[in-house]
Amino acid sequence: MHNLKGKSAVITGSTSGIGLAYAQHLAQNGVNLMLNGFGSLEEIEKNRKSLADQYGITCLYSPADMTKPNEISKMMAQAIDEFGAIDILINNAGIQHVEAIENFPVEKWDSIIAINLSSSFHTIRHAVPSMKEQGWGRIINTASAHALVASPFKSAYVAAKHGIAGLTKTVALELAQDNITVNAICPGYVWTPLVEKQIPDTMKARGLTEEQVKKDVLLAAQPTKEFVTVDQVAQLAMFLCSDAAASITGSVMPMDGGWTAQ
Ligand code: NAD
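Residues numbered from 1 in each chain as written. Predicted model: local features only at pLDDT ≥ 70, side-chain atom pairs only at ≥ 80, totals over all residues. Heavy atoms only, no water.

Domain boundaries in the protein define domain 1 (8-188 + 229-261) and domain 2 (191-227). Each of domain 1 and domain 2 was reduced to a C-alpha centroid, and the two centroids are 25 Å apart. The partner domain 2 presents 8 residues to the 10 residues of domain 1 that form the contact. For the domain 1 and domain 2 pair, buried surface summed over both sides reaches about 620 Å², with 62% attributable to carbon and sulfur atoms. Among the residues domain 1 hides against domain 2, the three largest losses belong to Thr229, Gly257 and Trp259. Together they make up 52% of the total. Across the domain 1-domain 2 interface, the total number found is 0 salt bridges. Across the domain 1-domain 2 interface, the total number found is 1 residue pair in polar contact (both at pLDDT 80 or more). Of the residues that constitute the side of domain 1 that touches domain 2, the class distribution is 3 nonpolar, 6 polar and 1 charged. (Domains from an automatic or database assignment. Contact = heavy atoms within 4.5 Å. Buried area = accessible area lost by both parts, 1.4 Å probe. Salt bridge = Lys/Arg side-chain N within 4 Å of Asp/Glu carboxyl O. Polar contact = N/O pair within 3.5 Å; in protein donor to acceptor, adjacent residues only side chain to side chain. Nonpolar A, V, L, I, M, F, W, Y, C, P; charged D, E, K, R; others polar.)

Written as C-alpha coordinates, this is what we have:
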(Lines give C-alpha, C1' and ligand atoms only; values in the text may rest on other atoms or scores of the structure.)
Protein backbone atom coordinates (compact mmCIF):
# COMPACT_ATOMS: atom_id res chain seq x y z
CA MET A 1 0.00 0.00 0.00
CA HIS A 2 1.19 3.48 -0.84
CA ASN A 3 0.43 6.55 1.19
CA LEU A 4 -2.12 8.07 -1.19
CA LYS A 5 -5.25 8.05 0.99
CA GLY A 6 -7.52 11.04 0.43
CA LYS A 7 -5.83 12.12 -2.80
CA SER A 8 -7.85 12.54 -6.01
CA ALA A 9 -7.26 11.21 -9.49
CA VAL A 10 -8.65 11.64 -12.97
CA ILE A 11 -8.16 8.61 -15.24
CA THR A 12 -9.19 8.99 -18.88
CA GLY A 13 -10.42 5.84 -20.61
CA SER A 14 -11.03 3.99 -17.33
CA THR A 15 -14.19 2.08 -18.21
CA SER A 16 -12.23 -0.93 -19.49
CA GLY A 17 -8.86 -2.69 -19.72
CA ILE A 18 -5.77 -0.95 -18.35
CA GLY A 19 -7.70 2.17 -17.25
CA LEU A 20 -10.09 0.13 -15.11
CA ALA A 21 -7.10 -1.61 -13.48
CA TYR A 22 -5.57 1.78 -12.61
CA ALA A 23 -8.94 2.71 -11.06
CA GLN A 24 -9.06 -0.47 -8.96
CA HIS A 25 -5.51 -0.04 -7.66
CA LEU A 26 -5.94 3.66 -6.87
CA ALA A 27 -9.27 2.95 -5.13
CA GLN A 28 -7.58 0.24 -3.02
CA ASN A 29 -5.12 2.92 -1.94
CA GLY A 30 -7.97 5.22 -0.85
CA VAL A 31 -7.79 7.65 -3.80
CA ASN A 32 -11.00 9.42 -4.90
CA LEU A 33 -11.63 8.92 -8.58
CA MET A 34 -13.07 10.54 -11.66
CA LEU A 35 -13.68 7.72 -14.13
CA ASN A 36 -14.08 8.45 -17.83
CA GLY A 37 -14.70 6.54 -21.03
CA PHE A 38 -17.38 4.94 -23.16
CA GLY A 39 -19.36 1.72 -22.81
CA SER A 40 -22.60 0.41 -21.38
CA LEU A 41 -23.87 2.98 -18.86
CA GLU A 42 -25.24 0.17 -16.73
CA GLU A 43 -21.85 -1.53 -16.50
CA ILE A 44 -20.04 1.77 -15.87
CA GLU A 45 -22.45 2.58 -13.02
CA LYS A 46 -21.94 -0.91 -11.57
CA ASN A 47 -18.14 -0.43 -11.58
CA ARG A 48 -18.40 3.11 -10.20
CA LYS A 49 -20.64 2.03 -7.34
CA SER A 50 -18.62 -1.04 -6.46
CA LEU A 51 -15.36 0.97 -6.29
CA ALA A 52 -17.06 3.59 -4.09
CA ASP A 53 -18.72 1.04 -1.79
CA GLN A 54 -15.85 -1.43 -1.55
CA TYR A 55 -13.11 1.10 -0.80
CA GLY A 56 -15.10 3.94 0.81
CA ILE A 57 -13.92 6.50 -1.74
CA THR A 58 -15.79 9.12 -3.77
CA CYS A 59 -16.02 7.78 -7.29
CA LEU A 60 -17.45 9.96 -10.04
CA TYR A 61 -17.89 9.34 -13.75
CA SER A 62 -17.57 11.77 -16.66
CA PRO A 63 -18.66 10.75 -20.16
CA ALA A 64 -16.38 13.44 -21.68
CA ASP A 65 -15.32 12.61 -25.23
CA MET A 66 -11.52 12.91 -25.47
CA THR A 67 -11.83 14.27 -29.04
CA LYS A 68 -13.62 17.36 -27.64
CA PRO A 69 -11.47 19.94 -25.78
CA ASN A 70 -14.55 21.67 -24.29
CA GLU A 71 -15.79 18.38 -22.78
CA ILE A 72 -12.31 17.72 -21.38
CA SER A 73 -12.32 21.20 -19.79
CA LYS A 74 -15.68 20.50 -18.17
CA MET A 75 -14.52 17.12 -16.80
CA MET A 76 -11.37 18.65 -15.29
CA ALA A 77 -13.33 21.58 -13.80
CA GLN A 78 -15.86 19.16 -12.31
CA ALA A 79 -13.08 17.08 -10.70
CA ILE A 80 -11.47 20.19 -9.13
CA ASP A 81 -14.91 21.36 -7.99
CA GLU A 82 -15.88 18.06 -6.35
CA PHE A 83 -12.50 17.01 -4.95
CA GLY A 84 -10.91 20.42 -4.33
CA ALA A 85 -7.81 19.35 -6.30
CA ILE A 86 -6.44 16.93 -8.85
CA ASP A 87 -3.38 15.19 -7.39
CA ILE A 88 -2.98 12.37 -9.89
CA LEU A 89 -3.73 12.47 -13.60
CA ILE A 90 -3.57 9.32 -15.70
CA ASN A 91 -3.95 9.82 -19.44
CA ASN A 92 -5.00 6.45 -20.78
CA ALA A 93 -7.83 6.76 -23.34
CA GLY A 94 -6.75 5.35 -26.65
CA ILE A 95 -7.92 3.73 -29.86
CA GLN A 96 -6.19 1.93 -32.72
CA HIS A 97 -6.67 1.67 -36.49
CA VAL A 98 -4.56 -0.58 -38.71
CA GLU A 99 -4.28 0.35 -42.38
CA ALA A 100 -1.68 1.20 -45.05
CA ILE A 101 -0.75 4.88 -45.13
CA GLU A 102 -2.20 5.53 -48.60
CA ASN A 103 -5.59 4.16 -47.54
CA PHE A 104 -5.55 5.45 -43.96
CA PRO A 105 -8.89 7.25 -43.43
CA VAL A 106 -8.32 10.95 -42.70
CA GLU A 107 -11.00 10.96 -39.99
CA LYS A 108 -9.29 7.99 -38.25
CA TRP A 109 -5.97 9.86 -38.31
CA ASP A 110 -7.67 12.90 -36.78
CA SER A 111 -9.46 10.99 -34.04
CA ILE A 112 -6.39 8.93 -33.06
CA ILE A 113 -4.26 12.07 -32.79
CA ALA A 114 -7.06 13.75 -30.79
CA ILE A 115 -7.71 10.86 -28.36
CA ASN A 116 -4.22 9.33 -28.02
CA LEU A 117 -2.24 12.60 -28.00
CA SER A 118 -4.06 15.95 -27.88
CA SER A 119 -6.43 14.95 -25.05
CA SER A 120 -3.35 14.60 -22.79
CA PHE A 121 -2.27 18.15 -23.62
CA HIS A 122 -5.73 19.36 -22.58
CA THR A 123 -5.97 17.34 -19.34
CA ILE A 124 -2.42 18.29 -18.34
CA ARG A 125 -2.90 22.03 -18.93
CA HIS A 126 -5.98 21.94 -16.69
CA ALA A 127 -4.45 19.75 -13.96
CA VAL A 128 -1.11 21.54 -13.53
CA PRO A 129 -2.36 24.72 -11.77
CA SER A 130 -4.15 22.55 -9.18
CA MET A 131 -1.05 20.35 -8.67
CA LYS A 132 1.15 23.45 -8.31
CA GLU A 133 -1.25 24.79 -5.69
CA GLN A 134 -1.01 21.50 -3.74
CA GLY A 135 2.78 21.40 -4.14
CA TRP A 136 2.52 17.77 -5.25
CA GLY A 137 1.42 15.92 -8.37
CA ARG A 138 1.77 12.80 -10.44
CA ILE A 139 1.07 12.65 -14.16
CA ILE A 140 1.22 9.24 -15.82
CA ASN A 141 0.64 8.73 -19.51
CA THR A 142 -0.12 5.27 -20.88
CA ALA A 143 2.05 5.31 -23.97
CA SER A 144 3.06 2.01 -25.63
CA ALA A 145 6.06 0.13 -26.98
CA HIS A 146 4.93 2.08 -30.05
CA ALA A 147 6.21 5.24 -28.36
CA LEU A 148 9.70 3.78 -28.87
CA VAL A 149 9.53 1.63 -32.00
CA ALA A 150 7.17 1.37 -34.98
CA SER A 151 5.12 -1.34 -36.66
CA PRO A 152 3.79 -1.03 -40.19
CA PHE A 153 0.18 0.04 -40.82
CA LYS A 154 -0.17 1.88 -37.50
CA SER A 155 0.91 5.36 -38.66
CA ALA A 156 -1.49 7.41 -36.55
CA TYR A 157 -1.06 5.30 -33.40
CA VAL A 158 2.75 5.27 -33.60
CA ALA A 159 2.87 9.00 -34.36
CA ALA A 160 0.55 9.78 -31.43
CA LYS A 161 2.47 7.52 -29.01
CA HIS A 162 5.86 8.97 -30.06
CA GLY A 163 4.19 12.36 -29.49
CA ILE A 164 3.19 11.34 -25.97
CA ALA A 165 6.83 10.48 -25.24
CA GLY A 166 7.84 14.01 -26.28
CA LEU A 167 5.02 15.62 -24.29
CA THR A 168 6.00 13.57 -21.21
CA LYS A 169 9.63 14.70 -21.35
CA THR A 170 8.79 18.35 -22.02
CA VAL A 171 6.26 18.72 -19.22
CA ALA A 172 8.54 16.80 -16.84
CA LEU A 173 11.25 19.43 -17.41
CA GLU A 174 8.80 22.30 -16.94
CA LEU A 175 7.57 20.87 -13.60
CA ALA A 176 10.84 19.42 -12.33
CA GLN A 177 11.04 21.84 -9.38
CA ASP A 178 7.35 21.71 -8.48
CA ASN A 179 7.27 18.25 -6.87
CA ILE A 180 5.24 17.04 -9.85
CA THR A 181 6.53 14.05 -11.79
CA VAL A 182 5.53 13.19 -15.35
CA ASN A 183 6.19 9.74 -16.77
CA ALA A 184 5.02 7.46 -19.54
CA ILE A 185 4.48 3.70 -19.23
CA CYS A 186 5.11 1.80 -22.46
CA PRO A 187 3.39 -1.58 -22.37
CA GLY A 188 3.87 -4.20 -25.02
CA TYR A 189 0.85 -6.40 -25.73
CA VAL A 190 -1.45 -6.34 -22.72
CA TRP A 191 -4.25 -8.84 -22.28
CA THR A 192 -7.36 -6.58 -22.50
CA PRO A 193 -10.77 -6.93 -24.17
CA LEU A 194 -9.28 -4.95 -27.08
CA VAL A 195 -6.70 -7.69 -27.75
CA GLU A 196 -8.98 -10.62 -26.87
CA LYS A 197 -11.53 -9.51 -29.48
CA GLN A 198 -8.95 -9.75 -32.31
CA ILE A 199 -8.35 -13.46 -31.76
CA PRO A 200 -11.35 -15.18 -33.44
CA ASP A 201 -10.98 -13.10 -36.63
CA THR A 202 -7.24 -13.72 -36.82
CA MET A 203 -7.80 -17.48 -36.27
CA LYS A 204 -10.25 -17.50 -39.17
CA ALA A 205 -8.22 -15.24 -41.48
CA ARG A 206 -4.95 -17.19 -41.01
CA GLY A 207 -6.29 -20.69 -40.29
CA LEU A 208 -4.50 -20.83 -36.93
CA THR A 209 -5.38 -22.11 -33.46
CA GLU A 210 -5.94 -19.69 -30.59
CA GLU A 211 -2.56 -20.60 -29.10
CA GLN A 212 -0.80 -20.01 -32.47
CA VAL A 213 -2.45 -16.61 -32.86
CA LYS A 214 -1.31 -15.58 -29.39
CA LYS A 215 2.31 -16.77 -29.68
CA ASP A 216 3.11 -16.40 -33.39
CA VAL A 217 1.03 -13.37 -34.39
CA LEU A 218 0.26 -11.17 -31.40
CA LEU A 219 3.37 -11.98 -29.39
CA ALA A 220 5.69 -12.31 -32.41
CA ALA A 221 7.71 -9.28 -31.24
CA GLN A 222 7.43 -9.97 -27.48
CA PRO A 223 10.36 -12.21 -26.44
CA THR A 224 8.76 -13.46 -23.20
CA LYS A 225 5.82 -14.80 -25.30
CA GLU A 226 3.62 -13.73 -22.41
CA PHE A 227 1.09 -10.93 -22.37
CA VAL A 228 1.70 -8.06 -19.97
CA THR A 229 -1.17 -8.00 -17.45
CA VAL A 230 -3.28 -4.97 -16.58
CA ASP A 231 -2.33 -5.51 -12.92
CA GLN A 232 1.38 -5.27 -13.72
CA VAL A 233 0.82 -1.96 -15.54
CA ALA A 234 -1.31 -0.64 -12.67
CA GLN A 235 1.29 -1.70 -10.06
CA LEU A 236 3.97 0.28 -11.91
CA ALA A 237 1.64 3.30 -11.92
CA MET A 238 1.11 2.92 -8.15
CA PHE A 239 4.88 2.89 -7.65
CA LEU A 240 5.23 6.03 -9.80
CA CYS A 241 2.64 7.69 -7.53
CA SER A 242 4.64 6.81 -4.39
CA ASP A 243 7.20 8.98 -2.59
CA ALA A 244 9.90 6.44 -3.48
CA ALA A 245 9.44 7.47 -7.14
CA ALA A 246 9.92 11.22 -6.54
CA SER A 247 13.13 11.25 -8.61
CA ILE A 248 11.63 9.39 -11.55
CA THR A 249 10.43 12.03 -13.98
CA GLY A 250 10.52 12.45 -17.74
CA SER A 251 10.98 8.73 -18.17
CA VAL A 252 9.41 6.71 -20.95
CA MET A 253 9.41 3.24 -19.41
CA PRO A 254 9.01 0.01 -21.33
CA MET A 255 7.01 -2.84 -19.77
CA ASP A 256 7.04 -4.99 -22.84
CA GLY A 257 8.54 -8.42 -22.17
CA GLY A 258 11.75 -7.36 -23.95
CA TRP A 259 10.11 -6.13 -27.19
CA THR A 260 12.07 -2.86 -27.45
CA ALA A 261 15.36 -4.46 -26.34
CA GLN A 262 15.66 -6.08 -29.77
P1 NAD B 1 -9.54 -0.53 -24.01
O2 NAD B 1 -10.22 -0.44 -25.33
O3 NAD B 1 -9.90 -1.64 -23.08
O4 NAD B 1 -9.67 0.86 -23.22
C5 NAD B 1 -9.66 2.12 -23.88
C6 NAD B 1 -10.42 3.13 -23.04
O7 NAD B 1 -10.45 4.39 -23.74
C8 NAD B 1 -11.89 2.71 -22.81
O9 NAD B 1 -12.28 3.08 -21.51
C10 NAD B 1 -12.63 3.56 -23.86
O11 NAD B 1 -13.99 3.80 -23.53
C12 NAD B 1 -11.80 4.84 -23.80
N13 NAD B 1 -12.01 5.72 -24.94
C14 NAD B 1 -11.89 5.43 -26.26
N15 NAD B 1 -12.21 6.50 -26.99
C16 NAD B 1 -12.52 7.51 -26.12
C17 NAD B 1 -12.93 8.87 -26.26
N18 NAD B 1 -13.09 9.44 -27.46
N19 NAD B 1 -13.18 9.57 -25.15
C20 NAD B 1 -13.05 9.01 -23.91
N21 NAD B 1 -12.65 7.73 -23.72
C22 NAD B 1 -12.40 7.00 -24.82
O23 NAD B 1 -7.99 -0.60 -24.34
P24 NAD B 1 -6.68 -0.79 -23.44
O25 NAD B 1 -5.94 -1.87 -24.08
O26 NAD B 1 -7.00 -0.86 -21.99
O27 NAD B 1 -5.93 0.58 -23.75
C28 NAD B 1 -5.72 1.63 -22.83
C29 NAD B 1 -4.48 2.41 -23.24
O30 NAD B 1 -3.35 1.54 -23.24
C31 NAD B 1 -4.55 3.00 -24.64
O32 NAD B 1 -3.96 4.30 -24.64
C33 NAD B 1 -3.71 2.04 -25.47
O34 NAD B 1 -3.13 2.67 -26.59
C35 NAD B 1 -2.65 1.67 -24.45
N36 NAD B 1 -1.95 0.41 -24.74
C37 NAD B 1 -2.62 -0.77 -24.84
C38 NAD B 1 -1.92 -1.94 -25.12
C39 NAD B 1 -2.59 -3.30 -25.26
O40 NAD B 1 -1.95 -4.23 -25.74
N41 NAD B 1 -3.83 -3.47 -24.83
C42 NAD B 1 -0.54 -1.87 -25.32
C43 NAD B 1 0.12 -0.64 -25.20
C44 NAD B 1 -0.61 0.49 -24.90
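Moving on from the model shown.
An ideal rise of 1.5 Å per residue puts 16 Å on 12 residues; helix 1 (residues 17-28) measures up with 17 Å between its terminal C-alpha atoms. Counting buried positions along helix 1 gives 10 out of 12 residues, so the element sits mostly inside the fold. Here helix 1 has its buried residues at Gly17, Ile18, Gly19, Leu20, Ala21, Tyr22, Ala23, His25, Leu26 and Ala27. Positive phi appears at glycine 30, one or two residues downstream of helix 1, with a value of about 80 degrees. (Helix = DSSP H or I, 4+ residues; strand = E, 2+ residues; numbered from the N terminus. Expected span 1.5 Å × (residues − 1). Buried < 20%, exposed > 50% of the residue type's maximum accessible area, 1.4 Å probe, protein only.)

Another aspect to go through is the site of the ligand. Near the ligand lie 29 residues; those nearest to it are Thr15, Ser16, Phe38, Tyr157 and Val190. In this structure, an oxygen atom belonging to the ligand sits 2.5 Å away from a side-chain N or O atom of tyrosine 157. Between an oxygen atom of the ligand and a side-chain N or O atom of lysine 161, the distance comes to 2.9 Å. In the complex, the protein chains occlude 92% of the 820 Å² of accessible area that the ligand would expose alone. Judged by its atoms lying within 2 Å of the grid points, the ligand is housed in the largest pocket. Every element with two or more residues in the shell around the ligand is listed here: helix 1, helix 5 (155-174) and helix 6 (193-196). Its residues assigned to classes, the shell around the ligand comprises 14 nonpolar, 13 polar and 2 charged. Both of domain 1 (8-188 + 229-261) and domain 2 (191-227) provide at least three residues apiece to the shell around the ligand. (Near = heavy atom within 4 Å. Areas by Shrake-Rupley, 256 points an atom, 1.4 Å probe, with all protein chains shown as cover. 1 Å grid on protein atoms, 1.4 Å probe; cavity = no way out; pocket = protein on both sides within 12 Å on 5 of 7 lines; lining within 4 Å. Sits in = over half its atoms within 2 Å of the grid points.)

Our focus in this paragraph is the layout of surface pockets. Here the largest pocket defines a volume of roughly 1600 Å³. As for the largest pocket, its lining consists of 50 residues, and the residues nearest its centre are Gly94, Ile95, Gln96, Tyr157 and Leu194. Taken together, the elements giving at least two residues each to the lining of the largest pocket come down to helix 1, helix 4 (106-134), helix 5, helix 6, helix 7 (198-206) and helix 8 (210-218). Classifying every residue of the lining of the largest pocket gives 23 nonpolar, 21 polar and 6 charged. Both domains that furnish three or more residues to the lining of the largest pocket are identified here as domain 1 (8-188 + 229-261) and domain 2 (191-227). (Points joined across faces, edges and corners; volume = space filled by probe spheres on them.)

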